[in-house]
Amino acid sequence: MATFGTLSDRLTETFRNLRTKGKLTAADVDGTVREIRRALLDADVALVVVKEFTAKVRERALGDEVSKALNPAQQVVQIVNEELVSILGGEQRRLEFAKTPPTVIMLAGLQGSGKTTFAGKLAKQLEKDGHTPLLVAADLQRPNAVNQLQVVAEQAGATIYAPEPGNGVGDPVKVSRDGVEYARRQQHDVVIIDTAGRLGVDAELMKQAADIRKAVNPDEVLFVIDAMIGQDAVSTAKAFQEGVDFTGVVLSKLDGDARGGAALSVASITGRPIIYASTGEGLDDLEPFYPDRMASRILDLGDILTLIEQAQQAFDEEEAMKVAEKFATDQFTLEDFLGQLQQMKKMGSMKKMLGMLPGMGQMKQQLEDFDEKEIDRTEAIIRSMTPGERQNPKVLNGSRRARIAKGSGMTVTDVNQLVQRFDQAAKMMKTVARGGTPNIPGMGSMPGMGRPGASSKRGKKGKSSSVSRSGNPAKRAAENAGLPTEAPTGSGFGLGGQKAPTEADLAEIQKLFGKG
């Protein structure tokens with residue numbers, strides 16, 4: 001979510017300064033609100049939205065809910081989070097399907113906003129959900145727009161209706177109407193109409209889009225807007241709402257590095273919900289838009305729910321149970337490890353997944369340095385082994401390792417490191433499978449959790465070897481009682497309760513995939 005990176009950094013820094021204060025005065029609140037206002041304006045959020053947002057935050061921050069809170073700073077963060085969710089649309093809304101198929105979805109937006117690519121992404125996602133979508137090529141204005149949609153449809157594995165060559169030839173209204181009839185005859189339950197766009201809002205564009213809407217009477221009209229468009233986002237959205245009207249918004253190019261805050265204004269200005277967010281160039285890089293999860297990402301509080309959902313989609317539950325049994329019985333092999341790597345690759349970018357963890361906004365450089373290619377290199381080494389070697393890595397002598405290194409284009413040192421990391425990972429997961437607590441190098445100990453089966457052994461003088469020698473009486477009493485001596489730290493500002501990964505954690509994850 002690089003688009004909101006600068007905004008996230010500014011807000012994180014503002015709240016970090018706030019946390020040092022035990023009690024908040026009116027001046028503290030005003031200073032915080034002033035910094036929030038500057039951050040939002042710098043991120044291109046519309047002025048009217050900024051004024052309304054900061055006014056609500058200030059009113060609530062000066063009220064009883066903050067003054068009577070045990071931790072006023074965390075309460076302010078909670079208020080900002082809730083108000084941010086509000087301007088993003090409040091509750092998540094899904095596509096609404098027609099009671100009698102086919103459901104007609106019309107796409108509208110400026111040229112270059114990502115309508116055609118989104119059409120393919122949506123078709124692929126709908127197919128995964130058991131639907132039979134039909135793509136209709138009604139963009140007959142832009143050069144090669146029909147060909148582009150044909151390529152996207154092929155990549156998505158979707159059916160396309162394209163009777164006209166485009167490039168200025170054909171009637172888009174007739175194509176749209178005929179496309180819906182074709183879908184009805186061929187029993188496609190969803191029709192996605194890709195309409196033409198322009199470099200700017202004009203009367204011809206609006207008339208054509210309005211005519212198509214009248215002809216097909218769509219169940220959903222999705223306005224696709226480039227998240228990097230800047231302040232023009234508001235005026236463009238208003239123009240489309242007045243000229244065509246739409247039922248939902250799609251934010252595209254959220255993986256870009258522009259300020260992008262104006263996209264946050266669309267839901268608040270138009271009163272229409274954001275339904276999807278496009279987070280990459282791949283056809284799988286499409287997420288349902290959850291206002292609460294996006295607000296958490298912007299405030300660097302993480303997005304664990306989306307991460308879990310992606311893992312559930314990528315990993316086969318039955319296969320996971322088999323792997324867990326192999327861990328417990330010490331039968332986990334490199335063949336199984338290869339299968340797990342392949343399932344991880346289905347989830348997408350490791351950087352993107354790690355970026356969903358709480359507090360990772362403070363470790364941008366470490367995330368940037370994380371080498372995604374290590375998974376591919378690890379896979380290449382394992383694939384260069386024979387089935388027997390994957391089943392029993394103990395047979396890997398010097399000559400075999402040299403052959404594997406040559407076959408994978410790696411070095412013998414790389415092969416040795418992989419085998420060593422695999423042994424460590426297998427031992428760690430075996431401990432977890434048997435209900436123990438693993439000791440992961442570089443990740444520190446887990447507060448309040450001891451090793452399974454460990455008992456306090458007494459020394460020669462009859463004193464317990466686990467007696468604390470801390471000079472702090474409270475800490476010494478807590479250690480002797482077996483209690484954690486440090487309170488678990490919250491994510492970012494106390495919300496969420498997860499501890500942010502450290503630089504050592506990232507390094508350890510990197511090692512498990514091949515290189516340290």
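How each quantity is defined
Residues numbered from 1 in each chain as written. Predicted model: local features only at pLDDT ≥ 70, side-chain atom pairs only at ≥ 80, totals over all residues. Heavy atoms only, no water. Helix = DSSP H or I, 4+ residues; strand = E, 2+ residues; numbered from the N terminus. Contact = heavy atoms within 4.5 Å. Areas by Shrake-Rupley, 256 points an atom, 1.4 Å probe, with all protein chains shown as cover. Buried < 20%, exposed > 50% of the residue type's maximum accessible area, 1.4 Å probe, protein only. Pairing = 2+ DSSP bridges. Axes fitted to C-alpha atoms, helices over the stretch in contact; angles between N-to-C directions. Right-handed = clockwise from strand over helix to strand, strands pointing away. Parallel < 35°, antiparallel > 145°, perpendicular 65-115°, else oblique. Left-handed = near helix turned anticlockwise from the far one by under 90°. Core = buried A, V, L, I, M, F, W, Y, C linked by side-chain atoms within 4.5 Å. Phe/Tyr/Trp six-rings, centres within 6.5 Å; stacked < 30°, edge-to-face > 60°. Salt bridge = Lys/Arg side-chain N within 4 Å of Asp/Glu carboxyl O.

*Asks:* Describe the overall build of the protein chain, with residues and values.
*Replies:* From N to C terminus, the protein chain includes 23 helices and eight strands. A sequence separation of at least 24 residues applies to 73% of the contacts in the protein chain between residues at least 6 apart. When the accessible area of the protein chain is evaluated, it comes to approximately 25,900 Å², of which 49% is carbon and sulfur surface.

*Asks:* Talk me through the environment of threonine 25; I want residue IDs and the actual numbers.
*Replies:* In this fold, threonine 25 is placed in the loop between helix H1 (5–18) and helix H2 (26–42). C-alpha separation for the pair threonine 25 and leucine 62, spaced 37 residues apart in sequence, amounts to 8.4 Å.

*Asks:* Describe unusual backbone geometry, listing the residues and the values that go with them.
*Replies:* Proline 101 connects to proline 102 through a cis peptide bond whose omega is 5 degrees. Tracing the sequence through the fold places proline 102 in the loop between helix H5 (72–87) and strand E1 (103–108). Even without being a glycine, aspartate 44 presents a positive backbone phi close to 75 degrees. Examined against the element boundaries, aspartate 44 turns out to sit in the loop between H2 and helix H3 (47–61). The class of aspartate 44 is buried, set by a relative accessible area of 13%. Residues other than glycine seldom take positive phi values, yet asparagine 144 does so here, at roughly 65 degrees.

*Asks:* Kindly report on the sheet that holds strand E3 (residues 159–161), identifying the contributing residues and their values.
*Replies:* The sheet built from eight strands is open, its strands ordered E3-E2-E4-E1-E5-E6-E7-E8 with mixed pairing. The open sheet has two edge strands with one neighbour each: E3 and strand E8 (286–288). Along the sheet, successive strands turn relative to each other by an average axial angle of 25 degrees, direction set aside. Two elements, E1 and strand E4 (residues 190–194), share five bridges in a ladder whose sense is parallel. In the sheet register, leucine 107 faces E4, and the bridge partner there is aspartate 194. Across the face of the sheet, helix H7 (residues 145–156) comes into contact with strand E2 (133–137), E3 and E4 while running at roughly 165 degrees to E2.

*Asks:* Outline the pairing of E2, listing residues and values.
*Replies:* Among the five residues of E2, five are classified as buried, and the element is accordingly described as predominantly covered. Relative to E4, E2 runs parallel, the two sharing five bridges. The residue of E4 that forms the bridge with valine 136 is isoleucine 193. Pairing analysis gives three bridges linking E2 to E3, with the strands arranged parallel. If you follow leucine 135 over to E3, its bridge partner there is isoleucine 160. For the segment spanning E2, H7 and E3, crossover handedness is right-handed.

*Asks:* Please set out the packing of helix H8 (residues 172–185) against helix H9 (residues 203–216) residue by residue, giving values where relevant.
*Replies:* Orientation of H8 relative to H9, taken along the N-to-C sense of each, is 25 degrees, at an axis distance of 9 Å. In terms of orientation, H8 and H9 fall into the roughly parallel class. Relative to H9, the crossing made by H8 is right-handed. Contact residues: H8 offers Pro172, Val173, Ser176, Arg177 and Val180, while H9 offers Gln208, Asp211, Ile212, Ala215 and Val216.

*Asks:* How would you sum up the pairing of E4? Please name residues and give values.
*Replies:* Counting buried positions along E4 gives five out of five residues, so the element sits mostly inside the fold. Alternating positions in E4 separate into two faces, Val190, Ile192 and Asp194 on one and Val191 and Ile193 on the other, with burial throughout.

*Asks:* So what about the nonpolar core? Which residues, and what values?
*Replies:* Formed by 92 residues in total, the largest nonpolar core has its most connected members in Phe15, Phe118, Leu122, Ile192, Leu222 and Phe240. For this core, the element with the highest residue contribution is H5, accounting for eight residues. Discounting chain neighbours no more than four positions away, the residues touching phenylalanine 240 are Ala108, Gly109, Leu110, Val201, Leu205, Met206, Phe223, Asp245 and Phe246. One finds Phe337, Leu341, Ile381 and Leu418 within the second-largest nonpolar core, a separate group that totals 18 residues.

*Asks:* I'd love a proper account of the packing of aromatic side chains, names of residues and values included.
*Replies:* Overall, the coordinates contain four aromatic pairs when judged by the stated rule. Between phenylalanine 118 and tyrosine 276, the ring centres sit 5.8 Å apart and the planes meet at 55 degrees, which makes this aromatic pair tilted. Highlighted residues: phenylalanine 118 in helix H6 (residues 115–128) and tyrosine 276 in strand E7 (residues 274–278), separated in sequence by 158 residues. The burial state of phenylalanine 118 is the same as that of tyrosine 276; both residues are buried. Ring centres of phenylalanine 223 and phenylalanine 246 lie 4.9 Å apart, and the angle between their planes is 25 degrees; on these two criteria the pair is classed as stacked. Of this pair, phenylalanine 223 sits in strand E5 (residues 220–226) while phenylalanine 246 sits in the loop between helix H10 (232–243) and strand E6 (248–252); the two residues are 23 residues apart in sequence, bridging distant segments of the chain. The same class applies to phenylalanine 223 as to phenylalanine 246, namely buried.

*Asks:* Which residues make up helix H12 (residues 291–298), and what values do they have?
*Replies:* For H12, the tally of buried residues reaches seven of eight residues, placing the bulk of the element in the interior. Burial in H12 covers these residues: Pro291, Arg293, Met294, Ala295, Ser296, Arg297 and Ile298.

*Asks:* An account of the pattern of salt bridges is requested, with residue identities and associated values reported.
*Replies:* Scanning all chains against the criterion turns up 19 salt bridges. Lysine 128 serves as the salt-bridge partner of aspartate 284, at 3.2 Å between the closest nitrogen and oxygen. Note that aspartate 284 is positioned in the loop between E7 and E8 and lysine 128 in helix H6, a separation of 156 residues in sequence. Relative accessible area serves as the criterion here: at 47%, aspartate 284 is assigned to the partly exposed category. Exposure remark for lysine 128: the relative accessible area of 60% places this residue in the exposed category. Here arginine 403 ties to glutamate 389 by a salt bridge, and the two come within 2.8 Å at their closest N and O atoms. Of the two residues, arginine 403 is situated in helix H20 (residues 398–408) and glutamate 389 in helix H19 (residues 387–391); the sequence distance between them amounts to 14 residues. With a relative accessible area of 0%, glutamate 389 lands in the buried category. Three or more residues joined by partner-sharing salt bridges are found here, namely Arg60, Glu82 and Glu83.

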